[in-house]
Amino acid sequence: MARPKGSGKSRIQAKEHDFRNKLLLNQWLISQFGIDPLGDEFTGSKVRPFHKLAAPLRNTREEGLDHDGLHKFFHALTESGLFYDEFKAIPKARLQSYEENIGRHTKAINDFRTRKLVWKYYQWLSLLFVEIYLDRWFADSESLLHDLNAYVARFNAKWPDFAEMPEFVQDDLNKLSLQNATGSGKTLLMHVNLLQYRHYASQYGRAKDLSRAILITPNESLSLQHIDEFHESGIEAYNFAKEGLSLFTQEKGLGRVDVLEITKLNEKEGPNTIATRSLGDQNLLLVDEGHRGMSGKDEGVWFTRRSDLCAKGFTFEYSATFEQAVQASGNADFVNSYAKTIVFDYSYRWFYEDGFGKDYQILNLPDSYQTTRDNYLTACLLKFFQQQCIYEDRATALVPFNLEKPLWVFVGSTVASAKLTTDEKIVATDVAQILEFFARFLADSDHSCRRILEIMEGRGQDTGLLDKNGVDIFDGAFTYLASLKKTPAELFKDILKRIFNAENGGHLALERVKGDSGEIVLRVGTSETPFGLINVGDAKSLADHLEAVAKQMSLPVTVDESDFTEAQFASVKESSSPINLLIGSKKFVEGWDCWRVSTLGLMHVGKSEGAQIIQLFGRGVRLKGWDWSLKRSGHVYVPKRPPFIEELETLNVFGIEADFMERFKKFLEDEGLPGNERRRVFTIPLNITYDFGKKLKIVRPKKKASDGKEYDFKKDGAVPGLHEIPEYIRLH
């Protein structure tokens, strides 16, 4: 769109809005509740329009249904100051009809689900925003377009020093994007969004407009996961790649969901691919991990193909990282497109601020990392070991908080071929560095015990684990282990038992699982129980590389192949799995349904893969919480918090190269979140039983001399009467 004449600075000279500040569709929807995102009250303020809308709903006691069958959120919102009059774009009566739709769709899903859905406030608002939009779009898209562009005009006039945002066009209106944090329940929102679209298509006589509903996923394992989830919600869904095109599947229309990996779409039909054009362009498209396809040669093609599927249809896209993906693309069209289609924004900054998910702590690398690497990794091992001890020792008290067994994860790029690329060589080197540490830790118990002692005593000058201010990085980090009063030798033996599943110790053994699982299992000595797993794509190439490194460095490591060892990755997400350590690639980041990650190690992920770091960080901070609140225990109403629970509700983040950590801290900074590098817990004793057994003193009325009874205000008080007002009262 060309700038109007006399509009001031040229586009080249104008400043660019931060992406989060120009989410036009989201801002317009918030304005429908009488909150003006362009109002002066929000200019330069830390209070955002979303805060004002969410304020009446954030109390967890407002969750669930009220006695009238409507969500308590609905009553909290309509009884708040936002609805002090009926002069709103959305009157209460219409809002109630939207709420009744949400309630009906929720019941339809809950009739099938074992664990019934109870929406969080941000999930309910997400559904409400979609209700408002779909109603307007189906009823009169031209009127909707006019109203949106009126808001764009106000937005551009408000910020004359910034580059203008382009107006909406009709083609912008057939896509909605939900930017909700990892672990916030996007999959369940998708299920209801499907029902919402079906409802309005039927209500407005357009149920036959679209050919089919298609869910696009990044990989096959995620497709299978989604199919199971759909079935659990009573929604018909099938693997389209296996069933293929047929009259039976087409006649179902929107009544079923065809699930398909983006990698299966191609220009032409093939043994493992489907021609995009054969699916037509009139589809309801659901896109999981919608940020995929915005950069890179192959991914750019993917984005085009999925766009072709819904050129005359409608799309719902879901991702926690649209913001990072569009910025990394360097494509202004992508940036402005998603600024106009993000219907709801509940990215990690909101999620964390509301107390959802785990807390986090960055374990900074010391400046002298290369010379203190083993000390640093030993300290990280102790942090993870401490989490394991608390989980096992306090198991009974922790049951109501739905915590899973801790898992230590290293993540980096994929090793994909025998001829390693530059990035893959770096990852292979990182993996070798990690295994070298474990091999030496297991082989030299005396040296390992000395390191444990120095770290536990906080002797940063000896260990070299000092930050730039000369403070021990791990000062106060091992309060629970210290309370056990065990010697370093006892701790070492306990680490062998709890972490390595080998009480008697031994050398590090690697076994490559034959087949295409891409897995290498880690054991110690003669133990039959594995403690770790490597899953980075081409396991044979990596195993060969690790064997060569072990020989070159004379490491006590064996590398073998096994026809009998079973693949482990599918069961790692279960707390019953013996796997305590997972070294993996970004391939399992997207959609990985795991609640166990408690310690996260960053390996090489490539300079353009910041969104993948955030995705895995999102996996790490997932938390079921008390009564499935998804919140940390300090943010919910609980009878009693078990001691040291905060250790299990904290994701420890560390890296094996400084630039990985800097990139991660930059993400936190961009999100407006603290780094939490110097997080410490102080326990302040409160003496509340020093006078236990003594009677509590309370204020009571005097007793009357006449009968010994206490004075009663109603019976014995002066009778009020009408008298002249004393002069001193009139004067003052």
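This report concerns the structure included in the present document. (Residues numbered from 1 in each chain as written. Predicted model: local features only at pLDDT ≥ 70, side-chain atom pairs only at ≥ 80, totals over all residues. Heavy atoms only, no water.)

## Some remarks on the overall build of the protein chain
And then number 1: Assigned secondary structure in the protein chain consists of 27 helices and 18 strands.
And then number 2: A total of 732 residues make up the protein chain; the buried ones form 55% of that total.
And then number 3: Within the protein chain, contacts between residues at least 6 apart in sequence are counted, and of these 74% link residues at least 24 apart.
And then number 4: On the protein chain, roughly 34,000 Å² of surface is accessible, and the fraction owed to carbon and sulfur atoms is 51%. (Helix = DSSP H or I, 4+ residues; strand = E, 2+ residues; numbered from the N terminus. Buried < 20%, exposed > 50% of the residue type's maximum accessible area, 1.4 Å probe, protein only. Contact = heavy atoms within 4.5 Å. Areas by Shrake-Rupley, 256 points an atom, 1.4 Å probe, with all protein chains shown as cover.)

## Notes on the side chain of Gln-387
And then number 1: With respect to the secondary-structure elements, Gln-387 resides in helix H15 (residues 369-393).
And then number 2: Setting aside its immediate chain neighbours within four residues, Gln-387 contacts Pro-406, Ser-598, Thr-599, Glu-647, Leu-648, Thr-650 and Asn-652.

## Section: the sheet that holds strand E1 (residues 175-180)
And then number 1: Strand order in the open sheet formed by 7 strands is E3-E4-E2-E7-E8-E1-E9, and the pairing between neighbours is parallel. Two strands close off the open sheet at either side, each with one partner strand: strand E3 (237-239) and strand E9 (342-346). The mean inter-strand angle of the sheet, taken between neighbouring strand axes irrespective of direction, is 15°.
And then number 2: Running at roughly 170° to strand E8 (residues 314-319), helix H7 (residues 186-203) makes contact with E1, strand E2 (212-217), strand E4 (257-261), strand E7 (283-288) and E8 of the sheet. (Pairing = 2+ DSSP bridges. Axes fitted to C-alpha atoms, helices over the stretch in contact; angles between N-to-C directions.)

## Concerning the nonpolar core
And then number 1: One finds Tyr-197 and Phe-316 to be the most contacted residues of the largest nonpolar core, which totals 195 residues.
And then number 2: It is helix H5 (residues 121-139) that contributes the most residues to this core, 13 residues altogether.
And then number 3: Excluding residues within four positions of it along the chain, Tyr-197 makes contact with Leu-134, Trp-137, Phe-138, Leu-210, Leu-254, Leu-284, Phe-314 and Phe-316.
And then number 4: Counting 13 residues, the second-largest nonpolar core is a separate cluster that includes Ile-262, Leu-265, Ile-274 and Cys-310. (Core = buried A, V, L, I, M, F, W, Y, C linked by side-chain atoms within 4.5 Å.)

## Concerning the packing of aromatic side chains
And then number 1: A full pass over the atoms with the stated rule returns 45 aromatic pairs.
And then number 2: Relative to Phe-654, the ring of Tyr-376 has its centre 6.1 Å away and its plane inclined at 70°; by these criteria the two rings are edge-to-face. Taken together, the residues Tyr-376 in helix H15 and Phe-654 in strand E18 (residues 650-655) connect sequence positions 278 residues apart.
And then number 3: Where Trp-595 meets Trp-628, the ring centres are 5.7 Å apart and the plane angle is 85°; that geometry is what we call edge-to-face. (Phe/Tyr/Trp six-rings, centres within 6.5 Å; stacked < 30°, edge-to-face > 60°.)

## Looking at the environment of Gln-386
And then number 1: Turning to its location among the elements, Gln-386 is positioned in helix H15.
And then number 2: You can call Gln-386 buried: its relative accessible area is 0%.
And then number 3: A sequence separation of 262 residues divides Gln-386 from Leu-648, and the C-alpha atoms of the two residues are 9.2 Å apart.
And then number 4: With sequence-adjacent residues up to four places away left out, Gln-386 is seen in contact with Ala-477, Phe-478, Thr-479, Tyr-480, Leu-481 and Glu-647.
And then number 5: Within the local environment of Gln-386, its side chain forms a polar contact with the backbone nitrogen of Tyr-480, the two atoms lying 3.1 Å apart. (Polar contact = N/O pair within 3.5 Å; in protein donor to acceptor, adjacent residues only side chain to side chain.)

## Some thoughts on the pattern of salt bridges
And then number 1: Tallied over the entire structure, the rule returns 37 salt bridges.
And then number 2: Note that Glu-353 is salt-bridged to Arg-58, the shortest N-O span being 3.2 Å. In this pair, Glu-353 is assigned in helix H14 (residues 348-353) and Arg-58 in the loop between helix H2 (49-54) and helix H3 (72-78), connecting sequence segments 295 residues apart.
And then number 3: What makes Arg-58 partly exposed here is its relative accessible area of 25%.
And then number 4: Note that Arg-459 is salt-bridged to Asp-462, the shortest N-O span being 3.1 Å.
And then number 5: For Arg-459, a relative accessible area of 31% translates into the label partly exposed.
And then number 6: Via salt bridges that share partners, Glu-392, Asp-393, Lys-486, Asp-494 and Arg-498 belong to a single interconnected network. (Salt bridge = Lys/Arg side-chain N within 4 Å of Asp/Glu carboxyl O.)

## Structural notes on the side chain of Ser-347
And then number 1: As for its placement among the helices and strands, Ser-347 is situated in the loop between E9 and H14.
And then number 2: Owing to a relative accessible area of 2%, Ser-347 belongs among the buried residues under this scheme.
And then number 3: For Ser-347, the side chain forms a polar contact with the side chain of Asp-345, separated by 3.3 Å.
And then number 4: Not counting chain neighbours up to four residues away, the residues in contact with Ser-347 comprise Gln-179, Ala-181 and Glu-671.

## Points about the environment of Glu-566
And then number 1: Position of Glu-566 among the secondary structure elements: in the loop between strand E15 (557-562) and strand E16 (581-585).
And then number 2: Not counting chain neighbours up to four residues away, the residues in contact with Glu-566 comprise Val-513 and Val-521.

## Notes on the packing of helix H1 (residues 24-31) against helix H6 (residues 141-158)
And then number 1: Look at H1 against H6: their axes get within 10 Å of each other, and the N-to-C directions meet at 100°. By the angle between their directions, the pair H1 and H6 is classed as roughly perpendicular. Residues Leu-24, Leu-25, Gln-27 and Trp-28 of H1 form the contact with H6, whose participating residues are Leu-144, Asp-147, Leu-148, Tyr-151, Val-152 and Phe-155.
And then number 2: By residue class, the composition of the contact of H1 with H6 is 8 nonpolar, 1 polar and 1 charged. (Parallel < 35°, antiparallel > 145°, perpendicular 65-115°, else oblique. Nonpolar A, V, L, I, M, F, W, Y, C, P; charged D, E, K, R; others polar.)

## Re the pairing of strand E14 (residues 532-535)
And then number 1: Covered by surrounding structure in E14 are Gly-532 and Ile-534 together with Leu-533 and Asn-535, the residues of both alternating faces.
And then number 2: Inspection of the sheet shows strand E13 (residues 519-524) paired to E14 by 4 bridges, in the antiparallel sense. Across the sheet, Glu-519 pairs through a bridge with Asn-535, a residue of E14.

## Comments concerning helix H13 (residues 332-339)
And then number 1: Looking at H13, one finds that the buried residues are Phe-334, Val-335, Asn-336, Tyr-338 and Ala-339.
And then number 2: Measuring from the side-chain oxygen of the N-cap residue of H13 to the backbone nitrogen of Asp-333 gives 2.8 Å; that N-cap residue is Asn-331.

## Focus on the packing of H7 against helix H8 (residues 220-232)
Any two packed helices are characterised by the angle at which their axes cross and by the distance between the axes.
And then number 1: Where H7 meets H8, the closest approach of the two axes is 11 Å, and the angle between their N-to-C directions is 55°. In terms of orientation, H7 lies oblique with respect to H8. Like other packed secondary-structure pairs, H7 and H8 cross with a definite hand, here right-handed. Taking contact as the criterion, the partners of Thr-187, Met-190 and His-191 in H7 are, on H8, His-226, Glu-229 and Phe-230. (Left-handed = near helix turned anticlockwise from the far one by under 90°.)

## With respect to unusual backbone geometry
And then number 1: Of note in the backbone geometry, Asn-402 takes a positive phi value of approximately 55° without being a glycine.
And then number 2: Mapped onto the elements of the fold, Asn-402 is located in the loop between helix H16 (395-398) and strand E11 (407-412).

## Things to note about the environment of Leu-77
And then number 1: With respect to the secondary-structure elements, Leu-77 resides in helix H3.
And then number 2: What makes Leu-77 buried here is its relative accessible area of 0%.
And then number 3: Counting along the chain gives 20 residues from Leu-77 to Leu-57, while the straight-line C-alpha distance between them is 6.8 Å.
And then number 4: Those residues in contact with Leu-77 that lie beyond four places of it in its chain are Phe-33, Leu-53, Leu-57, Leu-82, Phe-83, Leu-95, Trp-124 and Leu-128.

Honestly, that's just the spatial picture; any functional story needs more than this.
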